[in-house]
Amino acid sequence: MAATASTGMLTRRQVQGKRLRRGARRNLTAYLFLAPALILYLAFVIRPTVELFGLSAFDWNGVNPTREFVGFDNFARLFADPLFWRSLGNNLIFVVLLVAFNVTVGLITASALARAMRGRLIYQLIFFLPVVQASIVTALVWKWIYQPDGLLNNALGAIGLGFLSHGWLGDPNTALPALALAAAWSGFGLSVVIFLAGIQSIDQSLYDSAKMDGANARQMFMNVTVPELRPVITVVFLLEMIGAFQTFDIVWATTRGGPVNSTEVLASFMFKRGFTDAEFGYGASIAVIFMVIVLGAAIISLLLRERNED
Amino acid sequence: MKRGTGVNSQHSRRRRVTAVAVVAVASLGLVACSNGGAGESGEKVLNVWYGSEPGQKDALTSLIAQWDEEHPELSVEITAMGPELNPPSLLPALSSGEGPDLWAGNIGSAQSQAFIDAGLVHDLTPAYCDSNWDQTIPDELAAIATSDDKLWAVPNSIESTGMFYRKSIFEKMGLSVPTTWEDFMTVVKKLKDNGYPTPIGAAGQDAWPVTHLLGAMWAGAEGPDGVNQLLFGDGTWTSTGFTEATEEFEKLADDGDFGPDPLSYAYEATNADFYNGVVPMTYTGGFVIPDAQEDAGENFDDIGVFALPTLNGGPIYANESPGEGWYVNANAKQADAAEDLLNYLFFTDENRTKILEGGLVPAGPVDLDQVELPSVLEELLAEQNKYRDNGVVPAFFEVSVPGSIFEAEMTGVQGILAGSTSADELLQTIQSTWETEKQAGNIISSSGAPKC
């Protein structure tokens, strides 16, 4: 049925056109508001990432106006470098220790806090204080704690465990776990706070039902809290994993990757090659592989989680 | 239809919101594209970066402040770089065309050479010749800062190293300063057997301090000719002298002469134990003296120093290396002022004396009779003068080798202290790295001091 302007009725096409134009105007407004953040993201994240990939194909000392194209030579050199594999291995150990501690102990602590009737806020503040502390301060404090005559050895001696006293950062076998503990201490509070928020959003009726069925605290934790918190656990796991991979400050301020490369991680390895040795192209290749590894780990975690939910 | 309701009003509101968004984006773009206006007040500023701590009061800082007062036409801004001689921030600052007008950095490192190769460093040869700096800087020190017959830096903080010891402990033990390696080992054993489980403080956690001891053992075993043959000729790190010295170092570690846990002690902790008399000896250099004056307190005057005897009974050599070089930015807006400041600091007798009294040794001769030196610095310089006729070797190798070599040395030394690396493995690793760097053209070749 044709419509005419004189009657004021619109054809279907005209109505669709109007809807599209209205939608486009709404979208335009939305994109304009998104634009500042998008511009910053493109300028400070995407562009440097693209440049990084490009730089990894060059031999460049960081200041020379000319760069020599070497193709994949930097990557070939990297994969043949035993220190790269050592750093990667150290990083993986660090990630496992840090994530295991912060996720499990963080969850258990948050669960206990959720049941606390008094002082919850105080405990939250105490746990969260290390999170807001500068990482360099954390590193220096723990460097002092781990000294042969430091707080830890003195405390062990005071409780009759002096035989356990050790040069924690001087022993290649204990230096990495010691740093992992220090890093866990500084990030543990964030896990607790996130888990606590998640627990507080769980429907109380689920706990009531479980209680009526005779479940004890442990059973309620395993059968109600953990399943209900699965999405939160995934988020915390990812945050902790990515943070652990990016560890640099605590290593650089304490051991600089020593003793004997036992605490060398990818970030410190990359920093030394790039800045100390003035090998920016090689350092960029390390950064590219680093990014691929972290991204891959994050994607695998998400896929596994989705598969579990299915 | 009431005003403010209905479709027309909604359209109007949406248009206003869109307009606001457009203005916001445009503003962001203008801000991003602007050159900024901070600091463009027209005032001339001389930016100086050097290895100090914020608020540090030392001879150099005081002299720079004096020069600043005498030059009201510009103002000096000092950026404290901390203890790092090649801070990571320097590279992006210089490569972006900004950075300091004048900075103190390492001589001989890959980073410093990269700056020179990239044309970021001002050629100081005209100043060297025209201002008679060549009359002050010894040729062998100028040579370290020279490539392509151009002087790129003014060497400063000439460091010497030695075995620093606590005189009162030696006196208590009835020990005298050893002049042979056998005597030295006798001293070490007696200290260890009499209540000093760490006869030699090693600071293994930081690694670099104990590389100075190993470097001294290398230099003593090879002598000036052997060291020069390695650094500038076709010598190898696996030669007899290097091998014997490293094996002896390994023996010191295996025998526990660095204490039961050398890798757990950092530089500051080792020095603190030395000042407190827990550790009777530590191998270190003149660079420790300014801090020691404050940190050792009343024990400062109890600190003595002796030259490390050589392994093979050969002559003891003087040792010297420039702790830093002062560079001028090729893009410096105040290059003339920077050169004038360098002249003021390092080439006037009065100020050279003040720097020396502050515990740092400027390059070239200083009239010691006019100077009241810290006692241990006097002893250190006296030891160098005593053995200078035998020849001069580097105080530390890291100023003459690429960073990768020094990194391999530090890792290897920690491995020896941990018992996981042998002397042979350390030297093989260094030699292999050296060959790689040579092939890449990263071994610095000296063309000697510039010819005026």
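Residues numbered from 1 in each chain as written. Chains lettered and ligands numbered in written order. Predicted model: local features only at pLDDT ≥ 70, side-chain atom pairs only at ≥ 80, totals over all residues.

**Some thoughts on the environment of A:Val131**
All names here are of chain A. Definition in use: In DSSP terms, a helix is any run of H or I states spanning at least four residues, a strand is any run of E spanning at least two, and both are numbered starting from the N terminus. Each residue is represented by a C-beta atom placed from its backbone, and any two residues with such atoms within 7 Å are regarded as in contact.
Mapped onto the fold, Val 131 is located in helix 4 (residues 120-132). Once the C-alpha coordinates of Val 131 and Ala 183 are considered, the two residues, 52 residues apart in sequence, prove to be 9.9 Å apart. Apart from residues lying up to four places away in sequence, Val 131 is in contact with Ser 186, Gly 187, Gly 189 and Leu 190.

**Quick look at the interface of chain A and chain B**
Here is the rule: Classification convention: Asp, Glu, Lys, Arg as charged; Ala, Val, Leu, Ile, Met, Phe, Trp, Tyr, Cys, Pro as nonpolar; all other residues, Gly among them, as polar.
Taken residue by residue, the interface counts 30 residues in chain A and 34 residues in chain B. Elements with a contribution of two residues or more to the side of chain A that touches chain B: helix 1 (12-55) and helix 12 (266-276) of chain A. Classifying every residue of the side of chain A that touches chain B gives 15 nonpolar, 11 polar and four charged.

**Focus: helix 13 (residues 335-346) of chain B**
Heads up, the rule is: Expected helix span is given by 1.5 Å per residue-to-residue step, counting one fewer step than there are residues. Residues with at least 20 other C-beta atoms within 10 Å of their own are called buried, those with 12 or fewer are called exposed, and the rest are partly exposed. The C-beta atoms themselves are positioned from the backbone.
The terminal C-alpha atoms of helix 13 of chain B lie 16 Å apart, and with 12 residues this matches the ideal 16 Å at 1.5 Å per residue to within 8%. Among the residues of helix 13 of chain B, B:Ala337, B:Ala338, B:Glu339, B:Leu341, B:Leu342, B:Leu345 and B:Phe346 are the ones counted as buried.

**Things to note about the sheet that holds strand 9 (residues 281-285) of chain B**
Pairing between the strands of a sheet is mediated by backbone hydrogen bonds and can be parallel or antiparallel. All names here are of chain B. Our working rule: Only when DSSP finds a minimum of two bridges between them are two strands counted as paired. Note on definitions: angles span 0 to 180 degrees between N-to-C directions of axes, and those axes are lines fitted to C-alpha atoms, for helices only across the stretch in contact.
Pairing within the open sheet is mixed, and its four strands lie in the order 8-9-7-10. Two strands lie at the open edges of the sheet, namely strand 8 (200-201) and strand 10 (303-306), each paired on one side alone. Note that strand 7 (residues 161-166) and strand 10 share four bridges and pair antiparallel. Each bridged residue has a counterpart across the sheet, and for Arg 166 the counterpart in strand 10 is Ile 303. Packed on one face of the sheet, helix 15 (residues 375-387) meets strand 7 and strand 10 and runs near 10° to strand 10.

**Observations regarding the domain arrangement of chain B**
Residue and element names in this part refer to chain B. Formally: Each domain span listed reflects an automatic or database assignment of domains.
By the assigned domains, chain B splits into domain 1 (44-159 + 322-376) and domain 2 (161-320 + 377-439). Centre-to-centre separation of domain 1 and domain 2, based on C-alpha positions: 28 Å. Within the residue set of the side of domain 1 that touches domain 2, elements represented by two or more residues are helix 6 (139-144), strand 6 (154-159), strand 12 (321-328) and helix 15. Among the elements that line the side of domain 1 that touches domain 2, the one with the most residues is strand 6, at three residues. Taken together, the residues of the side of domain 1 that touches domain 2 sort by class into 10 nonpolar, eight polar and three charged.

**Regarding the nonpolar core**
Considering soluble globular proteins, one finds that nonpolar side chains tend to be buried as a cluster. All names here are of chain A. Inclusion rule: Working definition: the nonpolar core is a set of buried Ala, Val, Leu, Ile, Met, Phe, Trp, Tyr and Cys residues, joined through C-beta atoms within 7 Å.
Grouped together as the largest cluster of nonpolar side chains are 187 residues, with contacts concentrated most on Leu 179 and Phe 195. Take this core: its biggest share by element is 13 residues, from helix 7 (residues 175-200). Those residues in contact with Leu 179 that sit more than four places away from it in its chain are Ile 250, Val 251, Thr 254 and Thr 263.

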